[in-house]
Amino acid sequence: MPQQLLKNAQSAQSKTQTEGQAGGFILLEVLLAMSLVLTVWIGSVNTYQVLILRMGQEQQKRVHIHQELDQHEIEQSQKRDQ
């Protein structure tokens, strides 16, 4: 009888160790999945920021070109009036 109890205790202990290892593996999988999601999120935000920056730069170029065109037209009309 004591040997049977000893075997049962050893069996329970090995099950606990196996479950603990499986729990650790699941934790590793969760951490890996979270890091992948975070990486994709950061990449998306970075891409969005670059896009917004480029759009702002293009808008500034358009404004500058329109100002130069307006100035040129003013100069041309002043030359015609003289």
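Note that the structure is predicted; figures quoted are calculated from it, not measured.

Visitor: In this structure, what is going on with the overall build of the protein? I would like to understand it.
Guide: Helix and strand counts for the protein come out as one helix and zero strands. Sorting the 82 residues of the protein into buried and exposed places 0% on the buried side. A total of about 7900 Å² of accessible surface is found on the protein, and carbon and sulfur atoms cover 62% of it.

Visitor: Just checking my understanding: could you explain the pattern of salt bridges for this structure?
Guide: Side-chain pairs of opposite charge can arise where the charged atoms are in close proximity. Under the defined criterion, the tally for this structure stands at one salt bridge. In this structure, the salt-bridge partner of Lys61 is Glu58, at a minimum N-O distance of 3.8 Å. Remark: Glu58 and Lys61 occur in helix 1 (residues 2-81); sequence separation between them is three residues, near one turn of the helix.

Visitor: Help me out: how do you make sense of a nonpolar patch on the surface in this one?
Guide: A cluster of nonpolar side chains, namely Ile26, Leu27, Val30, Leu31 and Met34, defines an oily patch on the protein surface of about 480 Å² accessible area. Locating Leu31 in the fold gives a position in helix 1.

How each quantity is defined
- Residues numbered from 1 in each chain as written.
- Predicted model: local features only at pLDDT ≥ 70, side-chain atom pairs only at ≥ 80, totals over all residues.
- Heavy atoms only, no water.
- Helix = DSSP H or I, 4+ residues; strand = E, 2+ residues; numbered from the N terminus.
- Buried < 20%, exposed > 50% of the residue type's maximum accessible area, 1.4 Å probe, protein only.
- Areas by Shrake-Rupley, 256 points an atom, 1.4 Å probe, with all protein chains shown as cover.
- Salt bridge = Lys/Arg side-chain N within 4 Å of Asp/Glu carboxyl O.
- Patch = residues over 30% accessible without salt bridge, like charges linked within 9 Å, V, L, I, M, F, W, Y side chains within 5 Å.

So yeah, pure geometry; function would need other evidence.
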